[in-house]
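Fold and contact review
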Amino acid sequence: MTVVLGPNRYGKAETRVVRVVRDGATHHLKDINVSSSLSGDMEEVHLTGDNAAVLPTDTQKNTAYAFARKHGIDQIEDFALLLARHYVASQPSIHHARVEIEEYFWDRIPVSGGRDGRHSFVRSGREVRTCVVHHDRDGRTTVVSGLKDLVVLNSTGSEFHGYIQDEYTTLKPTTDRILATAVSARWRHVPDVSSRDSHDSGDSHDFGASYDEVRRGLLEAFADTHSLSLQQTLYAMGERVLKARPEICEVRMAMPNKHHFLVDLEPFGMDNPNEVFYAADRPYGLIEGAVLTDDAPDAAFAWE
Ligand SMILES: O=c1[nH]c(=O)c2[nH]c(=O)[nH]c2[nH]1
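So, here is what we can say about the structure in this document.

What counts as what
- Residues numbered from 1 in each chain as written.
- Predicted model: local features only at pLDDT ≥ 70, side-chain atom pairs only at ≥ 80, totals over all residues.
- Heavy atoms only, no water.
- Helix = DSSP H or I, 4+ residues; strand = E, 2+ residues; numbered from the N terminus.
- Buried < 20%, exposed > 50% of the residue type's maximum accessible area, 1.4 Å probe, protein only.
- Areas by Shrake-Rupley, 256 points an atom, 1.4 Å probe, with all protein chains shown as cover.
- Lys, Arg positive; Asp, Glu negative; His and termini not counted.
- Charge placed at Lys NZ, Arg CZ, Asp CG, Glu CD.
- 1 Å grid on protein atoms, 1.4 Å probe; cavity = no way out; pocket = protein on both sides within 12 Å on 5 of 7 lines; lining within 4 Å.
- Points joined across faces, edges and corners; volume = space filled by probe spheres on them.
- Nonpolar A, V, L, I, M, F, W, Y, C, P; charged D, E, K, R; others polar.
- Domains from an automatic or database assignment.
- Pairing = 2+ DSSP bridges.
- Axes fitted to C-alpha atoms, helices over the stretch in contact; angles between N-to-C directions.
- Contact = heavy atoms within 4.5 Å.
- Salt bridge = Lys/Arg side-chain N within 4 Å of Asp/Glu carboxyl O.

Here the focus is the overall build of the protein. When helices and strands are tallied, the protein shows 6 helices and 12 strands. In terms of overall dimensions, the protein has C-alpha extents of about 75 × 70 × 35 Å along its principal axes. Burial statistics for the protein: of 304 residues in total, 43% are counted as buried. Summed over its atoms, the accessible surface of the protein is roughly 16,800 Å², and 50% of this surface lies on carbon and sulfur atoms. Of note, the protein has its 33 positive side-chain charges centred 7 Å away from the centre of its 46 negative side-chain charges.

For the rest of this paragraph, the subject is the layout of surface pockets. Approximately 500 Å³ is the volume attributed to the largest pocket. Together, 19 residues line the largest pocket, and Leu-171, Thr-174, Arg-177, His-259 and Phe-261 are the ones closest to its centre. At the level of elements, helix H6 (230-244), strand S10 (260-262) and strand S12 (285-292) are the ones that each hand at least two residues to the lining of the largest pocket. The element best represented in the lining of the largest pocket is S10, accounting for 3 residues. Residues of the lining of the largest pocket, tallied by class, amount to 8 nonpolar, 8 polar and 3 charged. Leu-29, Lys-30, Glu-103, Phe-105 and Trp-106 are, among the 16 residues lining the second largest pocket, the residues nearest its centre. Among the secondary structure elements, those contributing two or more residues to the lining of the second largest pocket are strand S2 (26-40), strand S3 (94-104), strand S4 (106-110) and helix H5 (207-224). If you tally residues by element for the lining of the second largest pocket, the top one is S2, at 4 residues. Tallied by class, the residues present in the lining of the second largest pocket amount to 6 nonpolar, 3 polar and 7 charged. Of the domains in this structure, domain 1 (8-136) and domain 2 (140-304) are the two that each give at least three residues to the lining of the second largest pocket.

Cis geometry is adopted by the peptide bond preceding Pro-283, which originates at Arg-282 and carries an omega value of -5°. Its location among the elements puts Pro-283 in the loop between strand S11 (277-279) and S12. Although it is not a glycine, Ala-300 sits at a positive phi angle of roughly 45°. The exposure class assigned to Ala-300 is partly exposed, which follows from its relative accessible area of 38%.

Strand order in this open sheet of 8 strands is S1-S2-S3-S6-S7-S8-S9-S12, and the pairing throughout is antiparallel. What marks the edges here is a single partner per strand, and that holds for strand S1 (15-23) and S12. Neighbour to neighbour, the strand axes of the sheet diverge by 20° on average, direction disregarded. In this structure, strand S9 (residues 248-257) lies alongside S12, joined through 8 bridges in antiparallel fashion. Bridged to Arg-252 within S12 is Ala-290. Along the sheet face, H5 touches strand S6 (128-136), strand S7 (141-154), strand S8 (179-189) and S9 and points at about 35° away from the line of S7. Sitting on the sheet, H6 is in contact with S8, S9 and S12, with an inclination near 155° to S9.

Right, let's talk about the pairing of S6 for a bit. Of all the 9 residues making up S6, 9 are buried; the element is thus mostly covered by neighbouring parts of the structure. As judged from the 8 bridges shared by S3 and S6, these two strands associate in the antiparallel manner. Within the sheet, the bridge partner assigned to Ile-101 lies in S6 and is Cys-131.

Attention now moves to empty space enclosed by the protein. Counted under the stated rule, the structure contains 1 cavity of 30 Å³ or more. One number sums up the size of the largest cavity: a volume of about 30 Å³. Lining the largest cavity, in full, are Lys-12, Thr-15, Val-34, Ser-36, Gln-60, Lys-61, Ala-64, Leu-83 and Tyr-87. Of all the elements in the fold, those that place two or more residues in the lining of the largest cavity are S2, helix H2 (57-71) and helix H3 (76-90).

So, on to the pattern of salt bridges. This structure, assessed with the given rule, holds 18 salt bridges. The residue Glu-103 makes a salt bridge to Lys-30 at a minimum N-O spacing of 3.0 Å. With a gap of 73 residues between them, Glu-103 in strand S3 and Lys-30 in strand S2 connect regions that are remote in the sequence. Of the residues examined, Glu-103 reaches a relative accessible area of 5% and is grouped as buried. Judged by its relative accessible area of 15%, Lys-30 falls in the buried class.

In structure tokens:
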């Protein structure tokens, strides 16, 4: 029996970078969380402790800060591409870089007179925006954008019936229930978009506009779909995005079914015509699925 080194990667997780852009007295905030993960000639460091091929994780943290100053941070996908390409291009021992970024939104605090504050912000109750970029030394690049904690609820227009009934089934069929979930969605950009370099060529992809439109499509499909199951709603949401956005070839979603149970008010002599609910915390149904175009190109390492 011999022991061998298996797949490995290393990097700095969760470097929190906050950048303030000063436009006179009006400030703009960018608040991100960067995780970089590198792989390549890493046999020696694991087998003998020779660190010659290792770009320290501390350096990766510093690079995120330095690039924020040097290049600014606009779309998280562009910033991730910049970092991933830098690691692979600058270090022969690094063959592959994975950069994951989360972005947290801030809103301006309105000040007296109803104007937006110029340097005062409140953390938004919105979702978290995400991306994962891979780049390797063969020039292969993948970009997956996404969001998480997009909490949505339909107070009607949702049914669930016709399911298997076995000896353990107690769930009552319903033709009118609350449908609520916290959407986690990730979507894969077609390779053409992923390989464009916003810093070298003028035709960079507008990841910001793409994000806004995908988010809008997800929300509209959630609202529009008369749901017979959360699975059906998930598919409708993915389909809506793929039909509207040619730059996207696959959407993967995870949606917890945030159950709302009708409270029995009969002990108090009251009816409850779908008005008072108990919002259960756990357990929850977890509905997950991928929706893709039938000509979606190979995903390579996009989802890793
Ligand atoms: O939309 C739903 N899908 C299910 O698979 C399921 N299972 C369940 O108990 N409730 C629901 N709701």
